[in-house]
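# Descriptive structure summary
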Amino acid sequence: KTGEFKLTKTNNNGSYNDMYMHNAHITIYDKLGHLAEKIQTPLLKHKTPDDIDELNQPQSKIFNTDGSIWNVTSDHGKTNTKTNITILTGHVIMHRPATQTKPDTVIKTNKVIYNANTKMAYCPEHVKVIQPNQISQADSAVINTKTHEITGEKMHTVEKNSKE
């Protein structure tokens, strides 16, 4: 990890950037010591006393004990290290390569709220789910990155491709 350390007050509520890191690589383990997540970002700004990390163009890998991996990218992110909740905004793409029991899945939306404790991702805005031979849309969705279950509000299929 490389970083510049600066103390600069940025607003009136007492929150300020206390650290910058360029080309940050973060590895997170669960309570049992299993690899849970890896995050890369060209720029990380840490705000104190709120313990918020602001991420620029983060690329994340969410690892599951079944061996599956979700690859997640977005324009921006904010993560609270106290609550383990990350909010991703701007061109959010979640991709899980096919497993032995689940198809290749790509989820596109503009905002995701991810809880690392529960492995649940909530997409409060329009969602597109792309799987082989089918594209679905929903007004919002919840993705369980552990079980790979996707539920959406008003989820409907918009395109089916019969090519095998």
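Quick summary incoming for the structure in this document. (Residues numbered from 1 in each chain as written. Predicted model: local features only at pLDDT ≥ 70, side-chain atom pairs only at ≥ 80, totals over all residues. Heavy atoms only, no water.)

## Looking at empty space enclosed by the protein
The line we're drawing: A 1.4 Å probe that fits but cannot get out identifies a cavity on a 1 Å grid over protein atoms alone, an open set with protein on both sides within 12 Å along at least five of seven lines counts as a pocket, and a residue lines either if it has an atom within 4 Å of a point. Grid points are joined across faces, edges and corners, and a volume is the space filled by probe spheres set on the points. Secondary structure follows DSSP: runs of H or I at least 4 residues long count as helices, runs of E at least 2 residues long count as strands, and numbering of each begins at the N terminus. Under the scheme applied here, ten amino acids are nonpolar (Ala, Val, Leu, Ile, Met, Phe, Trp, Tyr, Cys and Pro), four are charged (Asp, Glu, Lys and Arg), and all others, including Gly, are polar.
Throughout the structure, instances matching the rule amount to 1 cavity of 30 Å³ or more. Around the largest cavity sit 16 residues that line it, and Glu-37, Ser-60, Val-72, Thr-86 and Leu-88 are the ones nearest its centre. If you list the elements that add at least two residues to the lining of the largest cavity, you get strand 4 (35-48), strand 6 (59-63), strand 7 (69-73), strand 9 (85-96) and strand 10 (105-115). Broken down by class, the residue content of the lining of the largest cavity amounts to 10 nonpolar, 5 polar and 1 charged.

## Here's the deal with unusual backbone geometry
For the record, the criterion: The cut-offs for exposure are 20% and 50% of the maximum accessible area for each residue type, with area from a 1.4 Å probe on protein chains only; residues under the lower value are buried, those over the upper are exposed, and the others partly exposed.
Residue Asn-23 is not a glycine yet carries a positive backbone phi of 50°. One can find Asn-23 in strand 3 (residues 16-29). Exposure remark for Asn-23: the relative accessible area of 54% places this residue in the exposed category. Residue His-148 is not a glycine yet carries a positive backbone phi of 70°. Here His-148 shows up in the loop between strand 14 (140-144) and strand 15 (150-153).

## A word on the layout of surface pockets
Of the volumes computed, that of the largest pocket is approximately 620 Å³. Along its surface, the largest pocket is lined by 26 residues, and Ile-28, Tyr-29, Asp-30, Ala-36 and Ala-116 are the ones closest to its centre. Residues of the lining of the largest pocket, tallied by class, amount to 10 nonpolar, 10 polar and 6 charged. Looking at the second largest pocket, its volume works out to about 170 Å³.

## A closer look at the side chain of Thr-109
Just so we agree on the cut-off: Whether two residues are in contact is decided by their heavy atoms, any of which lying within 4.5 Å being enough.
You can see Thr-109 is positioned in strand 10. Given a relative accessible area of 9%, Thr-109 falls into the buried group. Setting aside anything within four residues of it in sequence, one finds Thr-109 in contact with His-91, Val-92, Cys-123, Glu-125, His-126 and Val-127.

## Points about the pattern of salt bridges
Threshold: Any carboxyl oxygen of Asp or Glu within 4 Å of a side-chain nitrogen of Lys or Arg constitutes a salt bridge here.
Per the counting criterion, the structure on display carries 2 salt bridges. Among the ionic pairs, Glu-54 bridges to Lys-47, the shortest N-O distance being 4.0 Å. By relative accessible area, which is 13% here, Lys-47 ends up buried. With its nearest N and O atoms 3.8 Å apart, the salt bridge here joins Lys-154 to Asp-139. Highlighted residues: Lys-154 in the loop between strand 15 and strand 16 (156-160) and Asp-139 in the loop between strand 13 (134-138) and strand 14, separated in sequence by 15 residues. Given the relative accessible area of 60%, Lys-154 is considered exposed.

## Points about the environment of Ile-69
Within the element layout of this structure, Ile-69 appears in strand 7. For Ile-69, a relative accessible area of 28% corresponds to the partly exposed category. Residues Ile-69 and Thr-99, spaced 30 residues apart in sequence, show a C-alpha to C-alpha distance of 9.4 Å. Among all residues touching Ile-69, those that are not within four sequence positions of it are Lys-61, Ile-62, Phe-63, His-95, Arg-96 and Pro-97.

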